[in-house]
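# Overview (structure and organization)
Chain by chain, the residues:
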Amino acid sequence: MKNIYESPLSSRYASEYMQKLFSADMRYTTWRRLWVSLARAEMKLGLPITEEQVTEMEAHVADIDYATVSEREKQVRHDVMAHIYAFGKVAPSAAGIIHLGATSCYVTDNADLIIYREALRYLRKELLVVIKNLSEFADKYKSIPTLGYTHYQPAQLITVGKRASLWIQDLVSDIDEIDHVISRMKMLGCRGTTGTEASFVDLFDGDTTKIDQMNRMIADDFEFGCCFDVCGQTYPRKLDSRILNVLSSIAQSCYRMANDIRLLQHDRQLEEPFEKDQIGSSAMAYKRNPMRCERICSLSRYLMADAMNAPMTASVQWLERTLDDSANRRISMPEGFLCADAVIRLAQNVTNGLVVNEKIIEKTVKEYLPFMATENLMMEAVKRGGDRQKVHEIIRNCSMKATAGMKNGEECDLLSRLSAEPEFGLSEEDMNKLLDPYLYIGRCSEQVTMLLEKISPLIKDVCADASEITL
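Remember, it's a predicted structure, so these values are computed and weren't measured experimentally.

Counting secondary structure elements, the chain contains 20 helices and four strands. Computed over the C-alpha atoms, the radius of gyration of the chain is 31 Å, more than 25% above the 23 Å expected from 2.2 N^0.38 for a compact globule of 471 residues. Dimensions of the chain along its principal axes, counting C-alpha atoms only, are 105 × 50 × 40 Å. Expressed as a percentage of its 471 residues, the buried residues of the chain come to 48%. Restricting the contact set of the chain to residue pairs at least 6 apart, pairs at least 24 apart contribute 79%. Averaging the locations of the 57 positively and 68 negatively charged side chains of the chain gives two centres separated by 3 Å.

See the structure below:
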């Protein structure tokens, strides 16, 4: 429908996989799976629930009548109760035992946890594709000298691959954070209206060991190692902060990489992929704008800002429960994941087709190499009997004059200026022998190789194909 608002995250940016993960079908079928898990556990622990009731519930997890849900919600003004009613319609033998002892957050919060964990796993896999792309790039260009920059001013030489290794290291740290959060995610379980489990104390006639068993069984059904030790009505909203912080961290890394590429594309040293029929500008037909990297930066800013929602929500949760988290979380959490997905997909595209303009890089290196070599030239001049302090002053004066000339569009004439200084003691031919750029890249190649060897187990089985929904 073109006459109502549609989120660009759905229509333009996020993958079908991630959209499906946060769809109504995924959310509400997960609710039903949680109700099945609860009923099965209660049955096994002796409550009056039959195998037939559980089987009937299982058979109708996916056939949700949204019209019935909508009509019922208009009457009762409660989404969970509307879904219980609709589930009971298709599983009539179980209608009376669905949601037994539970509160709404049993399905809403646990379903969120299940979906968030799956979304983090998916993003992890997709982020590894970016790391693999960059690793191949870094390995290919690990020995190609290029001008380094500090303060965006010319600095000592590095290599093209070494610069990419900085991006890789950031992204690998994001993988570490994702793994940390996933490994420590816990389930809410079924804990009652204020987290006291009082309804189950009654249902199990005071046998609290059965309550613990029930929660372990539910957690096992969804492959969670354990439940939170204590809770109010909801799981601790600080977990949302940890999750959005991870997504923000990914955005920070991708932003940094994309911004570097934008700067380098301005200098024509590096370029993002550009399609054969792609139009760079509606007015300036010659342009090749770094639009993918610009989009990464744009979406990353949104995601970093979105991450502020969770701590603001977590900090104002009153006592055992307040509902002012709900509307915010319905937007900030799914959109955070969809935005992260979009950023990573763009990063995959960019890193899979980076163009290195080696001749431009070589020209830039050649222009600035005399300045890079001045320390070595000074050492050579001293070896030949020169006074270190006087040689240093000669280099400083000649460098300032050569730089001033370059600012007026002249070629760099530093070497000829130095050779004209008798106290410097080196001819231009002598100095040219010290202008091999490979003498000034230090351990760049070795550093790249060491990093890639270290992370190789992480990416050895990575492929670019998205997996199917596995919930």
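Still more ground to cover, so stick around.
Packing of helix α15 (residues 358-372) against helix α16 (residues 374-383) brings their axes to within 6 Å, and their N-to-C directions diverge by 45°. Taken together, the axes of α15 and α16 are oblique relative to one another. Facing α15, whose interface residues are P370, F371 and M372, α16 presents T374, E375 and L377. Partitioning the contact of α15 with α16 into residue classes produces four nonpolar, one polar and one charged.

Glancing now at the packing of aromatic side chains. Tallied over the full model, the rule gives 11 aromatic pairs. Relative to W31, the ring of Y28 has its centre 4.8 Å away and its plane inclined at 80°; by these criteria the two rings are edge-to-face. Separated by three residues within a single helix, Y28 and W31 lie in helix α3 (residues 24-44), roughly one turn from each other. In terms of burial, Y28 and W31 fall into one category: buried.

Moving on to the confidence of the model for the chain. Overall, the prediction assigns the chain a mean pLDDT of 93, with 95% of residues at 70 or greater. The model gives residues 465-471 a pLDDT under 50, and that stretch makes 18 contacts with residues more than four places away or in other chains.

What follows deals with the pattern of salt bridges. All chains considered together, the criterion is met by 25 salt bridges. Linking D79 and R330 is a salt bridge whose minimum nitrogen-to-oxygen distance equals 3.2 Å. Of this pair, D79 sits in helix α6 (residues 79-90) while R330 is found in helix α14 (residues 326-351), placing the two residues 251 residues apart along the sequence. Of the residues examined, D79 reaches a relative accessible area of 16% and is grouped as buried. The salt bridge partner of E126 is K125, with a shortest N-O separation of 2.7 Å. Classification of E126 as buried rests on a relative accessible area of 4%. Judged by relative accessible area, which is 24%, K125 ranks as partly exposed. Salt bridges here are not isolated pairs; linked through shared partners, they connect R27, D112, D240 and R329.

To continue, consider the packing of helix α7 (residues 104-140) against helix α8 (residues 160-183). Remark: α7 packs on α8, axes separated minimally by 9 Å, with the N-to-C direction vectors making an angle of 165°. As judged from the angle between their axes, α7 and α8 are roughly antiparallel. Here the hand of the crossing between α7 and α8 comes out left-handed. Broken down by class, the residue content of the contact of α7 with α8 amounts to 18 nonpolar, two polar and five charged.

Here we come to the pairing of strand β2 (residues 153-159). Relative to β2, strand β1 (residues 145-150) runs antiparallel, the two being bridged by five bridges. The partner of Y149 across the bridge, within β2, is P154. Counted along the chain from β1 to the antiparallel partner β2, the turn is two residues long, and its residue H151 has a positive phi close to 60°.

Turning to the nonpolar core, a few remarks are in order. Formed by 149 residues in total, the largest nonpolar core has its most connected members in W35, M57, L120 and F424. Looking at which element gives the most residues to this core, the answer is α7, with 20 residues. In contact with F424, not counting residues within four places along its chain, are L377, A381, V391, I394, I395, L418 and M431.

This paragraph deals with the environment of N376. Along the chain, N376 turns up in helix α16. Note: C-alpha distance between N376 and L203 (173 residues apart in sequence) is 83 Å.

Here we take up the side chain of S253. Structurally, S253 can be placed in helix α11 (residues 238-266). Among the residues examined, S253 registers a relative accessible area of 8% and is labelled buried.

What follows covers the state of the cysteines. Applying the stated criterion across every chain, the model contains zero disulfides. The thiol of C226 is not disulfide-bonded; the next cysteine sulfur, from C227, is found 7.0 Å away. Judged by relative accessible area, which is 35%, C226 ranks as partly exposed. Summary of cysteine pairing: C398 is not part of a disulfide, and the nearest cysteine sulfur, belonging to C412, is at 11 Å. Accessibility expressed as a relative area gives 5% for C398, which makes it buried.

About the thresholds
- Residues numbered from 1 in each chain as written.
- Predicted model: local features only at pLDDT ≥ 70, side-chain atom pairs only at ≥ 80, totals over all residues.
- Heavy atoms only, no water.
- Helix = DSSP H or I, 4+ residues; strand = E, 2+ residues; numbered from the N terminus.
- Rg over C-alpha atoms; globule rule 2.2 N^0.38 Å.
- Buried < 20%, exposed > 50% of the residue type's maximum accessible area, 1.4 Å probe, protein only.
- Contact = heavy atoms within 4.5 Å.
- Lys, Arg positive; Asp, Glu negative; His and termini not counted.
- Charge placed at Lys NZ, Arg CZ, Asp CG, Glu CD.
- Axes fitted to C-alpha atoms, helices over the stretch in contact; angles between N-to-C directions.
- Parallel < 35°, antiparallel > 145°, perpendicular 65-115°, else oblique.
- Nonpolar A, V, L, I, M, F, W, Y, C, P; charged D, E, K, R; others polar.
- Phe/Tyr/Trp six-rings, centres within 6.5 Å; stacked < 30°, edge-to-face > 60°.
- pLDDT = per-residue confidence, 0-100.
- Salt bridge = Lys/Arg side-chain N within 4 Å of Asp/Glu carboxyl O.
- Left-handed = near helix turned anticlockwise from the far one by under 90°.
- Pairing = 2+ DSSP bridges.
- Core = buried A, V, L, I, M, F, W, Y, C linked by side-chain atoms within 4.5 Å.
- Disulfide = S-S within 2.5 Å.

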